[in-house]
Number of protein chains: 2
Amino acid sequence: MQIGELGEFGLIDRIAQRVQLRNPSSLTGIGDDAAVVAGNEKSSLLTTDLLLEGVHFDLTYFPMKHLGYKAAMVGFSDIYAMNGLPKQLVVSLGISKKFSVENIDELYEGILLACTQHGVDLVGGDTSASLTGLTINVSVLGECEPEKTAYRSGAKPTDLICVTGDLGAAYMGLLLLEREKTVFETNANAAPQLAGHEYIVQRYLKPEAARSTVLNMREAGVTPTAMIDISDGLSSDMLHLCRQSNVGARLYLDKIPIAKQTFDMAEEMNFDAVTAALNGGDDYELLFTLPLSLHEKVKDLGRVDVIGHIVEPENGAMIVPPNGEPVALQAQGFR
Amino acid sequence: MQIGELGEFGLIDRIAQRVQLRNPSSLTGIGDDAAVVAGNEKSSLLTTDLLLEGVHFDLTYFPMKHLGYKAAMVGFSDIYAMNGLPKQLVVSLGISKKFSVENIDELYEGILLACTQHGVDLVGGDTSASLTGLTINVSVLGECEPEKTAYRSGAKPTDLICVTGDLGAAYMGLLLLEREKTVFETNANAAPQLAGHEYIVQRYLKPEAARSTVLNMREAGVTPTAMIDISDGLSSDMLHLCRQSNVGARLYLDKIPIAKQTFDMAEEMNFDAVTAALNGGDDYELLFTLPLSLHEKVKDLGRVDVIGHIVEPENGAMIVPPNGEPVALQAQGFR
C-alpha cells in the first residue's frame with residue numbers, strides 16, 4: 001500500500017494501534033503533543049540517536065525489521081551505559097516515496113520487538129515526508145537511582161577495565177555484507193554467500209544492548225566507577241572515558257574478546273581482527289571500570305572480560321601487545 | 001572552517017563549550033551517553049520533532065540562526081500544548097559537506113537563544129555526517145503538575161474554543177519568501193522585496209512558542225479542558241482535538257484572528273487569508289478549550305480570542321461564515 005493512500009494521520013493511527021504501554025510510568029503515549037511520564041524520585045536519563053540511510057545503513061542488505069530493532073537498540077544502549085534502564089521511546093521518521101506502508105510496518109515490528117524485549121514503551125514520535133531516503137531518530141528516556149548512575153568521568157587509577165561480549169564482529173559483518181553487495185552488483189544472479197557467517201552478520205544487523213549486564217550488576221551490588229557503550233570502537237570510546245575521567249589506560253591486546261567467526265572472516269579478507277575490534281564500532285557492548293577490590297565480583301556479571309586497568313593520566317592511553325611496545329590508542333569519529 | 005578540520009568530537013566540544021545549564025533538574029548535560037535529569041513528583045513530558053532540508057526548510061532564504069531558533073521553538077511548543085514548561089532539549093544533526101563550522105555555530109546560536117528565552121537546557125545530542133543536506137531532530141523534556149496537564153482529549157460540549165495570537169501569517173510569509181526566491185532564480189540581480197512584510201516573514205522564520213499564555217493561565221488559575229498547538233493549521237488541529245475528545249466544534253469565521261499584514265499579502269497574491277489561517281500551518285499558536293463558566297477569565301490570558309464553541313459529536317466540526325452555510329473542516333498532513 002502506498003503511504004499516500006493512508007496519509008500522515010492514517011499512518012500514525014496504524015502505528016498507535018500496535019502499541020501497548022507496559023510501564024506504569026508511561027501515563028500517555030502516542031497521540032498528544034507530548035508523551036506524559038509519571039514523576040518519581042529516580043533520575044531521568046535522556047538520549048537521542050540519528051540514523052541516516054546511506055550513512056548508517058544500506059537498505060540493499062538491511063531488512064526494515066532489523067533496522068527498526070537496531071535503531072531502538074542503539075538508544076537503549078546509551079541508557080544502559082549510564083547504568084540505567086530504558087523506559088520510554090519516541091521515534092521520528094522521515095520517509096521518502098519509495099517506501100510502502102508495509103515497509104514502515106516492518107520497521108515498527110522491529111522497534112516494538114526491541115521494546116518488548118527491553119521493557120520499553122513507544123510513547124510518541126514524528127512522521128514526515130522526506131526527499132532523500134529514510135531518516136530515523138530515536139530518543140529514549142530511562143531511569144536510574146542517582147547513586148547508581150555511571151558517568152564517563154568516574155574512573156580512577158588501578159580500576160579494572162571491563163568489557164561485555166566480544167568486539168569487532170559487527171564490523172566484519174558489515175565488510176562481508178558490503179563485499180556480497182559488490183558481487184551482486186556485478187552479477188545479479190549471484191546469491192549472497194553468508195552461510196557460516198551468521199554470527200557476524202547478526203551482530204551488525206541485529207545488535208543486542210547489554211541489558212543483562214546492567215541487571216547482573218544490580219544483582220551483585222556492583223556500580224561501575226565509569227561506563228560508556230562501544231559505538232565508535234573500543235579505541236575511541238576508551239579515549240572518551242579516559243579524557244572525561246582524566247586518567248590513562250593500559251589495554252592488553254590479547255585480553256580483548258574477539259569471536260572465532262570474527263577472526264575467521266578477518267583472515268579470509270586479509271584484515272586485522274584486532275583493528276576491527278579497536279576501530280570498527282557498532283558493537284553496542286559496555287566498557288566500564290570497577291575498583292580493583294571488586295575483582296572477585298566480575299565472574300558474577302555474565303559475559304564480562306577484564307581487558308586492562310586505569311593508570312595515571314600522564315601515562316596516556318595505550319594498548320600493549322603480548323610481545324612489543326605499547327601503542328597509543330587513536331580516536332575515530334565522522335569527518 | 002571545514003567541519004572535517006575539527007572532526008566529530010571537536011565539533012561536539014565546540015558546542016558543549018557554549019552551553020551553560022540553568023535548571024537545577026539538569027544534573028548532567030552534553031558529554032555522556034545520556035543526559036541526567038533529577039527526579040521530582042511532577043510528570044515528565046517528552047516530545048520529538050524532525051526537520052528536513054527541502055521538506056521543512058529551504059536554506060536559500062532560511063538563515064541558520066533562525067532555523068536553530070525555530071527548531072527549538074517547534075519542540076517547546078509541543079510542551080506548552082500540554083500546559084507544561086520545557087526544561088531540557090537534545091538535538092540530533094545530520095550535516096552534509098556543504099556546511100562549515102560557522103554554519104553550525106549559527107544554528108546553535110539560534111538554538112541557544114531559544115533556550116535562554118524559554119529557560120531550557122541543551123543537555124545532549126547526536127551529530128552525524130549526512131549525504132543529503134541538513135537533518136535536525138529536536139527532542140524536548142518538560143514538566144507539569146499531573147492535575148494541570150492538558151490533553152487533546154478533555155473538551156466538552158459548550159466549552160469555549162480559544163486561540164492565541166493570530167493565524168495564517170507564517171504561511172503568507174512562506175509564500176512571499178518562495179515568490180522572491182523564484183524572482184531571484186530568474187534574475188540574480190533582483191533583491192528580495194520583503195520591506196513592509198517583516199511581520200509575516202518573521203512569523204515563518206522565527207516563530208515564538210506561546211509560553212506567556214501558559215504562564216498567564218497558571219497565574220489566573222485556569223487549566224484548559226483540552227489543548228493542542230497549531231502546527232498543521234487550525235482545521236487539522238481542531239479536528240485532532242475534536243476526534244480525541246469525541247466532540248464536534250463550531251468555529252466562527254469572522255472570529256479567527258488574522259493580522260493586517262496577512263490580509264494585505266493575501267490580497268496582493270490573490271490568495272484567501274482565511275485559507276492560510278485554516279490550512280497554512282506553522283503558526284505555533286495554542287488552540288484550547290475552556291469551560292463556559294471561565295469566560296470572564298479569557299481577558300486575563302493575554303492575546304487570546306474566543307473563536308467558537310464545542311458541540312455534541314453528531315453535529316460535526318464546522319466553520320460558520322458570517323452569512324452562509326457552515327462548512328466542514330478538512331484535515332491536512334503530508335501525503
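What counts and how
Along each chain, numbering runs from 1 in the same order as the chain's sequence is written. Going through the entries in the order they are written, you letter the chains from A and number the ligands from 1. In keeping with the predicted nature of the model, local features appear solely for residues at pLDDT of at least 70, side-chain atom pairs appear and are counted solely at 80 or more, and the whole-chain, interface and lining totals rest on all residues. Side-chain measures here rest on the full set of heavy atoms in the structure, leaving out hydrogens and waters. Here a helix means four or more residues in a row that DSSP labels H or I, a strand means two or more in a row labelled E, and each is numbered from the N terminus. When the centres of two rings from Phe, Tyr and Trp lie within 6.5 Å, Trp using its six-membered ring, the rings pair. Their planes under 30 degrees apart give stacked, over 60 give edge-to-face, and anything left gives tilted. Burial classes follow relative accessibility: with a 1.4 Å probe on protein chains only, a residue under 20% of its type's maximum area counts as buried, one over 50% as exposed, and anything between as partly exposed. All the domain ranges listed were derived from an automatic or database domain assignment. In what follows, residue pairs with any heavy atoms lying within 4.5 Å of each other are defined as contacts. What gets called buried area is simply the loss in accessible area from a 1.4 Å probe that two parts show on being joined, summed for both. At least two bridges found by DSSP between two strands is the condition for calling them paired. Angles here are taken between N-to-C directions and fall from 0 to 180 degrees, while the axes themselves are lines fitted to C-alpha atoms, restricted in helices to the stretch in contact. Throughout this description, a polar contact denotes any pair of N or O atoms lying within 3.5 Å of each other; where both atoms belong to protein, one of them has to be capable of donating a hydrogen while the other can accept it, and for residues adjacent in sequence the pair is counted only when both atoms sit in side chains. Note on terminology: angles under 35 degrees are roughly parallel, angles over 145 are roughly antiparallel, angles of 65 to 115 are roughly perpendicular, and the others are oblique. By definition, turning the near helix anticlockwise from the far helix through less than a right angle yields a left-handed crossing, and turning it clockwise yields a right-handed one. Charged residues are taken to be Asp, Glu, Lys and Arg, nonpolar residues to be Ala, Val, Leu, Ile, Met, Phe, Trp, Tyr, Cys and Pro, and polar residues to be all remaining types, Gly included. For the purpose of charge, His is not counted, nor are the chain termini; Lys and Arg are scored as positive and Asp and Glu as negative. Any carboxyl oxygen of Asp or Glu that lies within 4 Å of a side-chain nitrogen of Lys or Arg is treated as forming a salt bridge with it. For this overlay, a least-squares fit was computed on C-alpha atoms, restricted to residues scoring pLDDT of at least 70 in both copies. To estimate how far a helix should extend, the number of its residues minus one is multiplied by 1.5 Å.

1. Brief notes about the environment of glycine 281 of chain B
Alright, step 1. Tracing the chain through its elements places glycine 281 of chain B in the loop between α9 (273-279) and β10 (285-290).
Alright, step 2. Between the alpha carbons of glycine 281 of chain B and leucine 93 of chain B there is a distance of 24 Å; along the sequence they are 188 residues apart.

2. Digging into the packing of aromatic side chains
Residue and element names in this part refer to chain A.
Alright, step 1. Applying the stated criterion across every chain yields a total of four aromatic pairs over all chains.
Alright, step 2. Judged by centre distance (5.8 Å) and plane angle (50°), the ring pair of tyrosine 171 and phenylalanine 271 falls under tilted. Taken together, the residues tyrosine 171 in helix α4 (residues 169-186) and phenylalanine 271 in the loop between α8 (260-268) and α9 (273-280) connect sequence positions 100 residues apart.
Alright, step 3. Assessed through its relative accessible area of 23%, tyrosine 171 is described here as partly exposed.

3. Quick look at the domain arrangement of chain A
All names here are of chain A.
Alright, step 1. Domain annotation for chain A reports domain 1 (3-148) and domain 2 (160-328).
Alright, step 2. The C-alpha centroid of domain 2 is placed 26 Å from the C-alpha centroid of domain 1.
Alright, step 3. Tallying the contact residues gives 29 residues for domain 1 and 24 residues for domain 2.
Alright, step 4. Between domain 1 and domain 2, the buried area comes to about 2,300 Å², and carbon and sulfur atoms account for 57% of it.

4. Some points on the sheet that holds strand β4 (residues 85-95) of chain B
Alright, step 1. Read across the open sheet, the six strands follow the order β1(A)-β2(A)-β3(B)-β6(B)-β4(B)-β5(B); overall the sheet is mixed. Both outer strands of the open sheet, β1 (26-28) of chain A together with β5 (121-129) of chain B, are each paired with one neighbouring strand and no more. Across the sheet, the mean angle separating the axes of adjacent strands is 25° when strand polarity is ignored.
Alright, step 2. Note that strand β3 (residues 43-52) of chain B and strand β6 (residues 135-144) of chain B share ten bridges and pair antiparallel. Within the sheet, the bridge partner assigned to leucine 45 of chain B lies in β6 of chain B and is glycine 142 of chain B.
Alright, step 3. The sheet contacts of helix α3 (residues 101-118) of chain B involve β4, β5 and β6 of chain B, and relative to β4 of chain B the element is tilted by about 170°.
Alright, step 4. Helix-sheet contacts for helix α6 (residues 211-220) of chain B involve β4 and β6 of chain B, and the interaxial angle to β4 of chain B is about 160°.

5. Focus on the side chain of serine 139 of chain A
Alright, step 1. Residue placement: serine 139 of chain A occurs in strand β6 (residues 135-144).
Alright, step 2. Taking the relative accessible area as the measure of exposure, serine 139 of chain A reaches 0% and is therefore buried.
Alright, step 3. Within the structure, the side chain of serine 139 of chain A is placed 2.9 Å from the side chain of threonine 48 of chain A, a separation counted as a polar contact.
Alright, step 4. Separated by 2.5 Å, the side chains of serine 139 of chain A and serine 139 of chain B make a polar contact.
Alright, step 5. Dropping the residues within four chain positions of it, serine 139 of chain A is found in contact with Thr47, Thr48, Gln88, Leu89 and Val90 of chain A together with Thr48, Asn137 and Ser139 of chain B.

6. Topic: the packing of α4 of chain A against α8 of chain A
Residue and element names in this part refer to chain A.
Alright, step 1. Axis separation between α4 and α8 bottoms out at 9 Å; the angle between their running directions is 40°. Judged on the interaxial angle alone, α8 and α4 are oblique. Seen along the crossing, α4 lies across α8 with a hand that is left-handed. Along the contact surface, α4 presents Ala169, Met172, Leu176 and Arg179, while α8 presents Thr262, Met265, Ala266 and Glu268.
Alright, step 2. Broken down by class, the residue content of the contact of α4 with α8 amounts to five nonpolar, one polar and two charged.

7. Regarding the side chain of aspartate 229 of chain B
Alright, step 1. Within the fold, aspartate 229 of chain B resides in strand β8 (residues 226-230).
Alright, step 2. Buried and unpaired, aspartate 229 of chain B has arginine 152 of chain B as its nearest opposite-charge partner, separated by 5.3 Å.
Alright, step 3. Reaching out from aspartate 229 of chain B, the side chain makes a polar contact with the side chain of serine 77 of chain B at a distance of 2.7 Å.
Alright, step 4. Among residues more than four places away in sequence, those in contact with aspartate 229 of chain B are Asp33 of chain A together with Ser77, Asp78, Ala81, Asp237, Tyr284, Glu285 and Leu286 of chain B.

8. A look at the pairing of strand β3 (residues 43-52) of chain A
Alright, step 1. Within β3 of chain A, ten of the ten residues are buried, which leaves the element mostly enclosed by the surrounding structure.
Alright, step 2. In β3 of chain A, alternate side chains face the same way, and those of Ser43, Leu45, Thr47, Asp49 and Leu51 of chain A on one face and Ser44, Leu46, Thr48, Leu50 and Leu52 of chain A on the other are all buried.
Alright, step 3. The sheet contact formed by β3 of chain A and strand β2 (residues 35-37) of chain B spans three bridges and is antiparallel. Bridge pairing links serine 44 of chain A to valine 37 of chain B in β2 of chain B.

9. Things to note about the relation of the copies chain B and chain A
Alright, step 1. With an RMSD of 0.0 Å, the operation that places chain B on chain A is a rotation of 180° combined with a shift of 0.0 Å along the axis. Here the transformation between the copies is reduced to the relation of a two-fold axis. Across chain B, the smallest distance between a C-alpha and the rotation axis is recorded for asparagine 40 of chain B, namely 2.7 Å.
Alright, step 2. Most of the interface of chain B is mirrored in chain A, where 100% of its interface residues are also at the interface.

10. So, helix α3 (residues 101-118) of chain A
Alright, step 1. When the terminal C-alpha atoms of α3 of chain A are compared, their 26 Å separation across 18 residues agrees well with the 26 Å that a helix rising 1.5 Å per residue should span.
Alright, step 2. Glycine 119 of chain A lies just past α3 of chain A and shows a positive phi near 65°.

11. Here we look at helix α5 (residues 198-205) of chain B
Alright, step 1. For α5 of chain B, the set of buried residues is Ile200, Val201, Arg203, Tyr204 and Leu205 of chain B.
Alright, step 2. Against the buried residues of α5 of chain B lie α2 (64-80), α4 (169-186), α8 (260-268) and β10 of chain B.

12. Description of the interface of chain B and chain A
Alright, step 1. Of the residues lining the interface, 72 residues belong to chain B; the matching set on chain A comes to 72 residues.
Alright, step 2. Interface area, chain B with chain A, both sides summed: about 5,400 Å², of which 57% is carbon and sulfur.
Alright, step 3. Along the contact surface separating chain B from chain A lie zero salt bridges.
Alright, step 4. At the surface where chain B touches chain A, the tally comes to ten residue pairs in polar contact (both at pLDDT 80 or more).
Alright, step 5. A total of nine residues in the side of chain B that touches chain A trace back to one element, the largest contributor, which is β3 of chain B.
Alright, step 6. Broken down by class, the residue content of the side of chain B that touches chain A amounts to 28 nonpolar, 28 polar and 16 charged.

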